[in-house]
Every structure is written in C-alpha cells, then in structure tokens.
Amino acid sequence: AQSVAQPEDQVNVAEGNPLTVKCTYSVSGNPYLFWYVQYPNRGLQFLLKYITGDNLVKGSYGFEAEFNKSQTSFHLKKPSALVSDSALYFCAAKVSGNTPLVFGKGTRLSVIA
Amino acid sequence: GAVVSQHPSRVICKSGTSVKIECRSLDFQATTMFWYRQFPKQSLMLMATSNEGSKATYEQGVEKDKFLINHASLTLSTLTVTSAHPEDSSFYICSAMHGATDTQYFGPGTRLTVL
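Residues numbered from 1 in each chain as written. Chains lettered and ligands numbered in written order. Predicted model: local features only at pLDDT ≥ 70, side-chain atom pairs only at ≥ 80, totals over all residues. Heavy atoms only, no water.

(A) Broad picture of the interface of chain A and chain B. Each partner contributes to the interface: chain A provides 22 residues, whereas chain B provides 23 residues. Where chain A abuts chain B, roughly 1600 Å² becomes buried across the two surfaces, and 53% of that area is made up of carbon and sulfur atoms. At the junction of chain A with chain B, the criterion picks out one salt bridge. In this structure, B:Asp102 engages A:Lys94 in a salt bridge whose closest nitrogen and oxygen atoms are separated by 3.0 Å. A per-element tally of the side of chain A that touches chain B places strand 5 (residues 32-38) of chain A first, with four residues. Across the side of chain A that touches chain B, the residue classes tally to eleven nonpolar, seven polar and four charged. (Contact = heavy atoms within 4.5 Å. Buried area = accessible area lost by both parts, 1.4 Å probe. Salt bridge = Lys/Arg side-chain N within 4 Å of Asp/Glu carboxyl O. Helix = DSSP H or I, 4+ residues; strand = E, 2+ residues; numbered from the N terminus. Nonpolar A, V, L, I, M, F, W, Y, C, P; charged D, E, K, R; others polar.)

This is the structure we're talking about:
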C-alpha cells in the first residue's frame, strides 16, 4: 500500500530563518510528489510538484523541495520564513495518471515574528 | 489558471434533508474529479473518484447511496449528501485533475453543519 509520512505535527521557526517540513513516501514505481498548503477554513493550494527531471523543484511563494530517491524523501524548504507562511502543509504522492493522491497527515507550520 | 470553485462555501441544514455541493473547474476541463472529507485537525480522507460520464468510484466505507456523485460535464461534479445527519457535519473539499500538468487543483471547501 502506498503511504506518505509527515513525522512532525508542528514546526516552529523564527521569521527570517530557514524552514524545513519533512516528508517521506512509500510508493511502488516512480512517484509523483506534491506539496499543498492549507489556510484556515480553505481548500488546498498547490505549491510545487516533482514528476521527473531535476531533483530540486521550485514552487510558489519561494518554496522548494528536493526529491531524494535513496531516502524516499521530499522535504519542503524555504530559505527565509515569513509570518504569512504559517499554515498547514500537506505532502502527497501518487503513482501516475488519474489515480488519487495519498496524503500525509499534515504539518502545522508556525512562523514567529 | 487552474481554478476550482465550490458552492456553497458554507451550509447549515436540518437533519433528514439533502444538500448538494457543486465543484467546478473554471478554466480547464477535468475528466476526473475527487471528493474529500476533512475532520478538524486531520488530513483529507478520499471519499470517491468522479469520472465524467460514468459512475463514481467510492472508497471503502463510504456509502454510495448516501453520498451521491454526479459528473455530468467536463467542468462540473456534484456531491449530494442525502438524508443528512449531524455526524455528516464536516468540511468537504473537491479537486479536479488538470490532465496537461498531471496536477490536482482543489476547491476552497464547503463547511456542512447538520443540526
């Protein structure tokens, strides 16, 4: 069975510091990997994805993520956190095509001024 | 581009009534849409996969007669919660598959409260 793990329920970081939100996956075959952000009482906003190509992918709002096949990880990073980055972040994976995404449980990021 | 809308954003209904939620892809066609349910402080739970012109595929444990899904066009899928009960109160989120980019885009969600 395919699964996505986000080992941290909560990540706290000071504004201006770099942030990392961790994600590991277990997917048969070549994974399609995604990061989404959710603000309170809202749907999910797409941040970035990895399907193929460069392992380092850049997305919206200055976020980036690195695909590491040997460690089966896809950690989300940002060099300098903003207070407005505070939200719930979901990592997701699928195999291909129109298959549903498998989501991690989410990580709440809190950026403190 | 790749915008998905949901209507209504919030609905309160009495127990026993039915509620319809619409999900629209505004600037792309989506042969496949998905319906999720999210409980407070939890992740998204996939309810069903909706394919245009065919029957939806429901996840295990989701009652197809209670959660009716219709995907009549390439830009619209509807979820009808029939004979709603208080335990159906939840945040329902749809997503549409953007085929050209292989990415799911999500609607803003619908908060359903059943009294």
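Here the narrative resumes.
(B) A look at the state of the cysteines. Applying the stated criterion across every chain yields a total of two disulfides over all chains. Disulfide pairing is shown between A:Cys23 and A:Cys91; the S-S distance is 2.0 Å. The S-S bond linking A:Cys23 to A:Cys91 shows a torsion near -65°; that makes this disulfide left-handed. Of this pair, A:Cys23 sits in the loop between strand 3 (19-21) and strand 4 (24-26) while A:Cys91 sits in strand 10 (residues 87-94), placing them 68 residues apart in sequence. Note on A:Cys23: relative accessible area 0%, which makes it buried. Take A:Cys91: its relative accessible area is 0%, and that puts it in the buried class. A sulfur-sulfur separation of 2.0 Å characterises the disulfide bridge that pairs B:Cys23 with B:Cys94. Residues B:Cys23 and B:Cys94 are joined by a disulfide whose S-S torsion is about 80°; by sign, that bridge is right-handed. (Disulfide = S-S within 2.5 Å. Buried < 20%, exposed > 50% of the residue type's maximum accessible area, 1.4 Å probe, protein only.)

(C) Structural context of unusual backbone geometry. At the junction of B:His7 and B:Pro8, the peptide bond is cis and its omega measures out at 0° in the coordinates. Phi at A:Asn41 is positive, roughly 55°, even though this residue is not glycine. Despite not being glycine, B:Asp102 has its phi angle at roughly 55°, a positive value. Inspection of the secondary structure puts B:Asp102 in the loop between strand 9 (90-98) and strand 10 (103-106).

(D) Just the nonpolar core, in detail. One finds A:Trp35, A:Leu47, A:Leu48, A:Phe74, A:Leu76 and A:Tyr89 to be the most contacted residues of the largest nonpolar core, which totals 27 residues. At the level of elements, strand 2 (10-14), strand 3, strand 5, strand 6 (44-50), strand 8 (64-68), strand 9 (73-78), strand 10 and strand 12 (107-112) of chain A are the ones that each hand at least two residues to this core. If you tally residues by element for this core, the top one is strand 10 of chain A, at four residues. Those residues in contact with A:Leu48 that lie beyond four places of it in its chain are A:Leu33, A:Phe34, A:Trp35, A:Val57, A:Lys58, A:Gly59, A:Phe63, A:Glu64, A:Ala65, A:Phe74 and A:Leu76. Counting residues in hydrophobic clusters, the runner-up holds 26 residues, among them B:Ala30, B:Met33, B:Ala96 and B:Tyr105. (Core = buried A, V, L, I, M, F, W, Y, C linked by side-chain atoms within 4.5 Å.)

(E) Inspection of the confidence of the model for chain B at higher detail. Per-residue confidence for chain B gives a mean pLDDT of 93, with 99% of residues at or over 70. Strand 7 (residues 67-73) of chain B is the least confidently modelled element of chain B, averaging 92 in pLDDT, while strand 3 (residues 19-25) of chain B averages 97, the highest of any element. (pLDDT = per-residue confidence, 0-100.)

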